[in-house]
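Spelled out, the chains give:
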Amino acid sequence: MWVCPKCARTFRRAGQSHYCGEAPETIEAYILSQPEEVQERLRQIDTVIRESIPEAKEKISWRMPTYWKGHNLIQFAASKRHIGLYPGPEAVEAFAGQLAGYEASKGAIQLPYSKPLPLELIADIAKWCAANA
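In this report, the structure presented in the accompanying data block is examined. No experiment lies behind these values; they were computed from the predicted model shown.

Membership of the largest hydrophobic core comes to 34 residues, with the highest contact counts inside it found for Ile49, Ile74, Phe76, Leu85, Leu111 and Ile125. Listed by contribution, the elements that provide at least two residues to this core are helix H1 (27–32), helix H2 (36–52), strand S4 (64–68), strand S5 (72–78), strand S6 (82–86), helix H3 (89–94), strand S8 (108–112) and helix H4 (119–131). Looking at which element gives the most residues to this core, the answer is H4, with six residues. When residues no more than four places from it in sequence are discounted, the contact partners of isoleucine 74 are Ile49, Ile53, Pro65, Thr66, Tyr67, Leu85, Tyr86, Pro87, Ile125, Ala126 and Cys129.

And the structure:
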C-alpha cells in the first residue's frame, strides 16, 4: 500500500494519480476546482447529462460529479489528457459500436481534450443509463 504524502489517502499502487484536495460538495464546485481550460468542457457534459436525465439527483460520489437515482447512473471527471465518462460496463458494451475513436474500458470512456465532445452520444448514454438502471 502507498500513502500519499500530501493527503494521506491510501492506494494499492505507488504514485497513484488522484485528487488531493477536499472533496467538492457540488458539481459546480468540482468544475471550478479544475483548470480553467477544462471547465467549459465539463460544464457542457454536465448540462447535457442534466438535460437528458432531469429526474436524476446531482451529487458528488467518489470525488466525481455524479447523477444518481437509487444508485450512481453516470459520472464524469477531469484527468490530465481527457475527461473520463463513467456510465458503467453495461453502457460501454451497449454503445461499443459508437465509441470507435475513443479509448474505452470496463465502465469508462475517455474523451480526449484534443477531440470535440460527442455531446449527442453523451446524451444518449445518459438516457440509456437512466432507462436501464
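Taken together, six strands build an open sheet; the order of strands is S3-S4-S5-S6-S8-S7 and the sheet is antiparallel. Only two strands of the sheet have a single neighbouring strand rather than two, namely strand S3 (57–61) and strand S7 (104–105). Sheet topology note: the S6/S8 ladder contains four bridges and is antiparallel. Looking at S8, one finds that glycine 84 is bridged to glutamine 110. Of the strands in this sheet, S3, S4, S5, S6 and S8 touch H2, which is tilted by about 170° from S5. Here H4 sits on the sheet in contact with S5, S6 and S8, set at roughly 145° to S5.

Looking now at the pairing of S4. Among the five residues in S4, four count as buried, and that is most of the element. Taking the residues that link successive antiparallel strands as the turn, the S3-S4 hairpin has two residues, and the phi of tryptophan 62 there is positive, at about 55°. As paired elements, S4 and S5 share three bridges and run antiparallel to each other. Bridged to threonine 66 within S5 is glutamine 75. Connecting S4 to the antiparallel partner S5 that follows it, the hairpin turn spans three residues, and glycine 70 within it adopts a positive phi of roughly 85°.

Structurally, the position occupied by arginine 41 is in helix H2. In terms of polar contacts, arginine 41 uses its side chain to reach the backbone carbonyl oxygen of lysine 115, at 2.6 Å. Setting aside chain neighbours within four positions, we find arginine 41 in contact with Ile83, Pro112, Tyr113, Lys115, Pro116 and Leu117.

About the criteria used
Residues numbered from 1 in each chain as written. Predicted model: local features only at pLDDT ≥ 70, side-chain atom pairs only at ≥ 80, totals over all residues. Heavy atoms only, no water. Core = buried A, V, L, I, M, F, W, Y, C linked by side-chain atoms within 4.5 Å. Buried < 20%, exposed > 50% of the residue type's maximum accessible area, 1.4 Å probe, protein only. Helix = DSSP H or I, 4+ residues; strand = E, 2+ residues; numbered from the N terminus. Contact = heavy atoms within 4.5 Å. Pairing = 2+ DSSP bridges. Axes fitted to C-alpha atoms, helices over the stretch in contact; angles between N-to-C directions. Polar contact = N/O pair within 3.5 Å; in protein donor to acceptor, adjacent residues only side chain to side chain.

These figures capture arrangement, not role.
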